[in-house]
Amino acid sequence: MRCLYCGYENAPDAVFCENCGKPLAGSDQEPAFFCPECGTENEADALYCEGCGNRLGVRTPGEVPPQKSKRALLIIGVLLVVIVCLGAGGFFAYRIYEDHRSEIAEETEEEEIREAKADKKKQDTEKEETAKELIDFLSGQPLLTEKVEKKKETKHAPLLYNLAELQNDCSKFFKISPDETLAVVQELYEKKLVTYPRTDARVLSTAVAKEISKNIEGLKNIPGMRLFAEEILENGAYKNIAKTRYVNDKQITDHYAIIPTGQGIGALKALNPRAVNVYEAIVRRFLAVFYPPAVYRKISLTAMAAEKEQFFAAFKVLAEEGYLKIMQYSFQKKKEPGKDKETCDKELLEHILTLKKNDLLPLEGYEIKEGETSPPKRYNSGSMILAMENAGQLIEDEELRSQIKGSGIGTSATRAEILKKLVGNKYLALNKKTQVITPTLMGEMIYDVVFMSIKSLLNPELTASWEKGLTYVAEGSITEEEYMEKLTKFIQSRTNGVLNLNNRYLLQEYFDKASGYYKNEKRS
């Protein structure tokens, strides 16, 4: 008889198993069979437990009862469903929490704005009441002259054009992008009208200065420039140009400033109006350096009322036109007399100059003038090029600032293309009518990602420090291998740092906050 517990074969008339001592099925001592897995009481001759489906007695190797297999699969399936539900529930709970927190933050921010506006209104009201009280106090009081100051101010012609300066002016004058300006001036260069355009220099070389009269002589063939060119040649203003700030060999690397050659004048007829205007701007800037500076008369008037309240007025009047007479562009509207903020009524000016201390001033009355400060103007395509050229100006460390001076971001030949690529990749938006540049949502997201991962990449000091290293290599202070080793370690450490970051949810907060300002943009 086979033992159901251990499988040992016993004698047919055995009552207890000779191996394990337990009663054999069918014997007089046979008890109820309790399942060792779940404890369920089964019939002695049962092969599978009625409670859990477990095989009772000895199982054949690899045998799995059908009931247990189905139940196990069912249990596993239920567990998987529970895990998935918990995960999904956790995610949705997190999003609900985040949305709720965002709503609370927005409400808090709106409340703070309302409170700030209310406080400002209260302060403005108090200031206005104080001002009215002051007006009431001063009414009827004589206004006397306390001091009149007179100064002279000279303003020299600006330096000659390099490509960045020309792109900036063309953005303001003609509302064209830097790459369009480069295309125009390249055309002028190919027609031999101007010198090489891809230059960072704003001065001439000594060698060019010696032969500059040839350039001026050629400009006599342009009707609008003839009188100016003849005047310069007659008075010999070009002869001492080498001693001025417009000539400096040390400030020239490969090419000197953009100036008219005085040649190819016949090609002007075949140019489109925009190209002609750009050429005019270059010519006028060139001829201006041969004229004397403009002279202004600055007058400051200080008056006093009630022996303690001071009032100030300032005037800036053009006394000698100097180079400004050549800067009247044909493509610009002429200013109406009196509209220029740097002019005032001559009779008023003469009267102010005759004033002495304690002279009585005519007074019509007082009024309160309200004003608000304005945020900095947005970059346009031209000013952005200048900002790229002078990227190191905000570096506080003087030594590092000197390393990046004169280089900035990109070169005169690549800055326009860099800007064009950023616009093409939808990182920046360029208004073609105004040339104003604004960031896109994608651009802000990229900035946030870099800011939260490798913040140093956003600092021009990093560029300056590596430029400093290149200087050391050139001087022989360090070897090329040492420089590359440091650069490689820097890249590896920053890359490993980014790989170990887990700031996804924090970046999501930045994205959600920024996206509120880009309602018209589709999220991707």
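Everything below is about the structure printed above this text.
Note that this is a predicted model, so its numbers are computed, not measured.

1. Describing the overall build of the chain
Looking only at helices and strands, one finds 15 helices and 7 strands in the chain. In the chain, of all internal contacts separated by at least 6 residues, the share reaching a separation of at least 24 is 66%.

2. Digging into the environment of Gly140
Locating Gly140 in the fold gives a position in the loop between α1 (66-138) and β3 (143-155). Overall, Gly140 belongs to the exposed group, its relative accessible area being 83%. Through-space distance from the C-alpha of Gly140 to that of Ala306 is 9.6 Å; in sequence the pair is 166 residues apart.

3. Describing the side chain of Asn162
Looking at the secondary structure, you find Asn162 in the loop between β3 and α2 (163-174). At 3.0 Å, the side chain of Asn162 forms a polar contact with the backbone oxygen of Asp200. Ignoring sequence-local partners within four residues, the contact set of Asn162 consists of Thr199, Asp200, Ala201, Arg202, Ile258 and Glu389.

4. Topic: the sheet that holds strand β4 (residues 294-305)
Spatial ordering of the open sheet is given by β3-β4-β5, a layout of 3 strands whose pairing is antiparallel. The two strands at the open ends of the sheet, each matched to only one other strand, are β3 and β5 (309-320). Averaged over all pairs of adjacent strands, the angle between their axes in this sheet comes to 15 degrees, without regard to strand direction. Across 11 bridges, β4 lies against β5 in antiparallel orientation. Across the sheet, the residue bridging to Lys298 is Lys316, located in β5.

5. Points about the packing of aromatic side chains
Using the criterion set out here, one finds 12 aromatic pairs in the structure. Where Phe286 meets Phe290, the ring centres are 5.3 Å apart and the plane angle is 80 degrees; that geometry is what we call edge-to-face. Residues Phe286 and Phe290 agree in their burial class; the two are buried. Three or more aromatic residues joined by ring pairs form one cluster here, namely Phe173, Phe174, Tyr329 and Phe331.

6. Describing the nonpolar core
Core analysis: the largest hydrophobic core is formed by 59 residues, its most contacted members being Ile212, Ile216, Tyr279 and Leu287. Those elements that provide at least two residues to this core are α2, α3 (178-190), α4 (206-210), α5 (212-218), α6 (226-235), α7 (273-288) and β4. The greatest single-element share of this core, amounting to 9 residues, is contributed by α7. The next biggest cluster of nonpolar side chains, apart from the first, holds 8 residues, and it includes Ala164, Ile385, Met388 and Leu428.

Rules of the game
Residues numbered from 1 in each chain as written. Predicted model: local features only at pLDDT ≥ 70, side-chain atom pairs only at ≥ 80, totals over all residues. Heavy atoms only, no water. Helix = DSSP H or I, 4+ residues; strand = E, 2+ residues; numbered from the N terminus. Contact = heavy atoms within 4.5 Å. Buried < 20%, exposed > 50% of the residue type's maximum accessible area, 1.4 Å probe, protein only. Polar contact = N/O pair within 3.5 Å; in protein donor to acceptor, adjacent residues only side chain to side chain. Pairing = 2+ DSSP bridges. Axes fitted to C-alpha atoms, helices over the stretch in contact; angles between N-to-C directions. Phe/Tyr/Trp six-rings, centres within 6.5 Å; stacked < 30°, edge-to-face > 60°. Core = buried A, V, L, I, M, F, W, Y, C linked by side-chain atoms within 4.5 Å.

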